[in-house]
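Single-letter residue listing:
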Amino acid sequence: MYICDRKNRVEHGPLRIIITTDEETTMKGICSISPKHFEDAKYVINLDSDSLEEITVSSASCNTICATKHFENLAPKHLSAVELKIDNLKGGHSGTDIGKQRTNANIAMGKLLNMIDKKADFELAYIRGGNAHNAIASACSGVICINAEDINAVKNIASELQTALRQAYDDREANVCVNPAQAPKFVMSKKNKTDLLQ
């Protein structure tokens, strides 16, 4: 807009300014524009910012993928259930905060489950994490069924991961907890669990 203001007398060739909306949610704005508006353009400069005083040249873009997988529901064989919970992470914006060494709770949960899988047999009921497509997940939880004698081992693994997250990332107050949980009616099959953790 500064360049377009004739009072500023900035020399430039023909400009076409396209302002779009909803880039933080659905990208509906840019998706509604006909490609003909770009056909004769030699250059496209994408501008964005989170601050009124700044302009970011070459802003980030995204692609939203919705994936669905049907799991085989089985009655659990293990009698004990625990909730695995990772929280108190900083999270942040997937664009502006992506380089700040912050833990993604969903990825951390995958690491935790793989660490447990190497030490104890368990059945996975569910995982829930994240709340926005453009945010670094700050919390994630899940429920597993396991033999009672393996619960202390799971707690030790959770403590090990918590220490690693606090040391490796900018999440000094990260929590990785193991709490008693009500046994679920159904769990995934072993194959479904293996496919999910790979």
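Scroll up for the structure.
So, here's what we can say about the structure. (Residues numbered from 1 in each chain as written. Predicted model: local features only at pLDDT ≥ 70, side-chain atom pairs only at ≥ 80, totals over all residues. Heavy atoms only, no water.)

### Quick look at a nonpolar patch on the surface
- A cluster of nonpolar side chains, contributed by Leu15, Ile17 and Ile19, occupies part of the molecular surface with about 330 Å² of accessible area.
- Residue classification places Ile19 among the exposed positions, given a relative accessible area of 71%. (Patch = residues over 30% accessible without salt bridge, like charges linked within 9 Å, V, L, I, M, F, W, Y side chains within 5 Å. Areas by Shrake-Rupley, 256 points an atom, 1.4 Å probe, with all protein chains shown as cover. Salt bridge = Lys/Arg side-chain N within 4 Å of Asp/Glu carboxyl O. Buried < 20%, exposed > 50% of the residue type's maximum accessible area, 1.4 Å probe, protein only.)

### Thoughts on the nonpolar core
- One finds Leu84, Ile86, Leu112, Leu113, Ile116, Phe122 and Ile144 to be the most contacted residues of the largest nonpolar core, which totals 28 residues.
- Among the elements of the structure, β4 (80-87), α2 (105-119), β6 (122-129), β8 (140-146), α3 (151-168) and β9 (175-180) are those that each provide at least two residues to this core.
- Setting aside anything within four residues of it in sequence, one finds Leu112 in contact with Leu84, Ile86, Ile157, Ala158, Leu161 and Val176. (Core = buried A, V, L, I, M, F, W, Y, C linked by side-chain atoms within 4.5 Å. Helix = DSSP H or I, 4+ residues; strand = E, 2+ residues; numbered from the N terminus. Contact = heavy atoms within 4.5 Å.)

### A look at the pattern of salt bridges
- In total, this model carries 6 salt bridges according to the counting rule given.
- In this structure, the salt-bridge partner of Lys100 is Asp97, at a minimum N-O distance of 2.9 Å.
- Judged by its relative accessible area of 40%, Lys100 falls in the partly exposed class.
- The exposure class assigned to Asp97 is buried, which follows from its relative accessible area of 12%.
- Taking the shortest distance from any N to any O, the salt bridge between Lys193 and Asp117 comes out at 3.1 Å. Here Lys193, found in helix α4 (residues 190-197), pairs with Asp117, found in helix α2; they are 76 residues apart in sequence, far enough to count as distant.
- Linked through salt bridges whose partners overlap, the residues forming this network are Asp97, Lys100 and Arg102.

### Quick word on the environment of Ala181
- Relative to the assigned elements, Ala181 resides in the loop between β9 and β10 (187-188).
- Filtering out sequence-adjacent residues up to four positions away, Ala181 remains in contact with Ala81, Val82, Glu83 and Val143.

### Focus on the sheet that holds β8
- Across the sheet, 4 strands lie side by side as β6-β8-β4-β9; this open sheet has antiparallel pairing. Only two strands of the sheet have a single neighbouring strand rather than two, namely β6 and β9. Mean inter-strand twist for the sheet, computed between neighbouring axes without regard to direction, equals 20 degrees.
- Summarising the sheet, β6 and β8 pair through 7 bridges and their orientation is antiparallel. Residue pairing for β8: Leu124 is matched across the bridge by Ile144.
- The sheet strands contacting α3 are β4, β8 and β9, and the helix crosses β9 at an angle near 165 degrees. (Pairing = 2+ DSSP bridges. Axes fitted to C-alpha atoms, helices over the stretch in contact; angles between N-to-C directions.)

### Quick look at the pairing of β4
- β4 sits mainly inside the fold: 6 of its 8 residues count as buried.
- Judged from the 7 bridges that link them, β4 and β8 form a sheet pairing that is antiparallel. By the bridge assignment for β8, Lys85 is matched with Ser141.
- Sheet topology note: the β4/β9 ladder contains 6 bridges and is antiparallel. Among the inter-strand pairings, Asp87 is bridged to a residue of β9, identified as Asn175.

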